[in-house]
Amino acid sequence: MTKKYFGTDGIRGRVGQDPITPGLILHLGYSAGKVLAAADWHLMEGERPAVLIGKDTRVSGYMLESALEAGLSAAGVDVLLSGPMPTPAVAYLIRALRLQAGIVISASHNPFEDNGVKFFSSKGSKLSDEIEHEIEAGLDVPIEVMPSSQLGKVQRLGDAAGRYIEFCKSTFPHHLDLRGLRIVVDCANGAAYHIAGHVLHELGADVVAIGVEPDGLNINHECGATHCETLQKAVKKHRADLGIALDGDGDRLMMVDQKGKLYDGDQLIYIIAKHRQQKGLMTGGVVGTKMTNLAIENSFHKLKIPFLRANVGDRYVMELLKEKGWHLGGEGSGHIICLDKHTTGDGIISAMQVLYALKEGNKTLAEWMRGVKLYPQRLINVKTPKSFDLATSKVVQEAQLEAEADLSSKGRVLLRASGTEPLIRVMVEGESKQKVDDWAIHIAKTVQTAST
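Worth saying up front: this structure is predicted, and the values here are computed from it rather than measured.

**Examining the overall build of the chain**
Next up, step 1: On a plain count of helices and strands, the chain comes out with 14 helices and 18 strands.
Next up, step 2: The principal-axis extent of the C-alpha atoms belonging to the chain is close to 65 × 60 × 40 Å.
Next up, step 3: Evaluated residue by residue, the chain yields a buried proportion of 58% over its 452 residues.
Next up, step 4: Long-range pairs, those at least 24 residues apart, make up 70% of the contacts in the chain between residues at least 6 apart in sequence.
Next up, step 5: With an accessible surface of roughly 19500 Å², the chain has 51% of that area assigned to carbon and sulfur atoms.
Next up, step 6: Side chains of the chain give 52 positive and 54 negative charges; the mean places of these two sets differ by 6 Å.

Next up, the structure:
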């Protein structure tokens, strides 16, 4: 059954437009609360289920937080408010505090005009499709406020940041530290602005923190994991050894070496996996996506590390990891999942795993990647109306087939609709950069024309 509101990463959209309106979000909180209240939590008599709400730094977060808070309380669910907190921090705190669920108000890497709502289960993982369907069904049921004596109570969680900082530090080996490293960390003016720098500093690094002055409007603006040029310049300016870029909600990671060269999620996963194999810590194989660079897949084969591709989206990577019983996977966009360290993708904890490889192996990012030459890859995002159906467009299909025939076995074409934005993502990969660019532009123009 198709979901009306939930996409691949919760509910997301432009603030003030359905579904990101105060009324609908209030109803969403109420519906989620009723689903939680109906579950068998083995609570003590008189005890209510409790939910943690975290958010990023968007100005609209205040409004949506209040709406969710009211809806949950009306359904008889207690609420804890953490304030600005990375998405993976909420997933951790749910388990640490033995709560029944968690909610994050964030649109991740999107601009500040957008916002969204993500849910986590009591185990710190994304909700199942069945639960999301159940919550959506509740949006068609009128709100019936619980009696006053049964309304949920709300309180602020004062030590959320400190708890999460200690958790992040605990994933880095106790016998190592980061002394001698100057690291620039770009927090994208987002939810990790008061977290990431402290983690690195307390492990001994000389930290230069940028993107740590959120004003509600500047999240992801020319900074963070989606705009790494700012970090690349800062690493050179401060003569740093390394740069770390997170996105607005702290679950994506990109890194930059001392020369300003950028390393994406595919490359960082490869470094983590290669180091783990050398240490005898590699469990099973690695899950990437259909977007993972072909050179990375070939390099895993050379290392005899099994590799599988999931559909694009961290939830699909997670599903395949759990199915196979593996620990490591992710996307080139910077979503990296280390299931032996956390229940969800986490930019800071993923950085800890890369830093472990750098420190213990006494190698740079470039040295870890030696011998791996990425295929040229071009990604173009084409804005389209929500009504545009990629699967039924014959002219787009013909353009894709023509490109695939020309690239032959030395390249790939992938077209997909974004699960979070009204976009068609056009990806072309191959040995020839000129062919890759030409075909990507041609197909993107074809999509644009076909959708108007």
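From this point, things continue past the structure.
**Quick notes on the nonpolar core**
Next up, step 1: With 68 residues, the main nonpolar core has Ile244 and Leu355 as its most contacted residues.
Next up, step 2: If one sorts the elements of this core by residue count, helix H11 (residues 347–361) sits on top with 9 residues.
Next up, step 3: Apart from the residues lying within four places of it in its own chain, the contact partners of Leu355 are Phe172, Leu178, Leu181, Ile183, Leu200, Leu242 and Ile244.
Next up, step 4: Within the second largest apolar cluster, 25 residues are counted, among which are Ile53, Leu127, Ile135 and Leu139.

**Examining the environment of Leu303**
Next up, step 1: For Leu303, the location among the structural elements is in the loop between helix H9 (294–302) and strand E13 (307–310).
Next up, step 2: As a C-alpha pair, Leu303 and Ala273 span 30 residues in sequence and 9.7 Å in three-dimensional space.
Next up, step 3: Beyond its immediate sequence surroundings of up to four residues, Leu303 is in contact with Tyr270, Lys274 and Gln277.

What counts and how
- Residues numbered from 1 in each chain as written.
- Predicted model: local features only at pLDDT ≥ 70, side-chain atom pairs only at ≥ 80, totals over all residues.
- Heavy atoms only, no water.
- Helix = DSSP H or I, 4+ residues; strand = E, 2+ residues; numbered from the N terminus.
- Buried < 20%, exposed > 50% of the residue type's maximum accessible area, 1.4 Å probe, protein only.
- Contact = heavy atoms within 4.5 Å.
- Areas by Shrake-Rupley, 256 points an atom, 1.4 Å probe, with all protein chains shown as cover.
- Lys, Arg positive; Asp, Glu negative; His and termini not counted.
- Charge placed at Lys NZ, Arg CZ, Asp CG, Glu CD.
- Core = buried A, V, L, I, M, F, W, Y, C linked by side-chain atoms within 4.5 Å.

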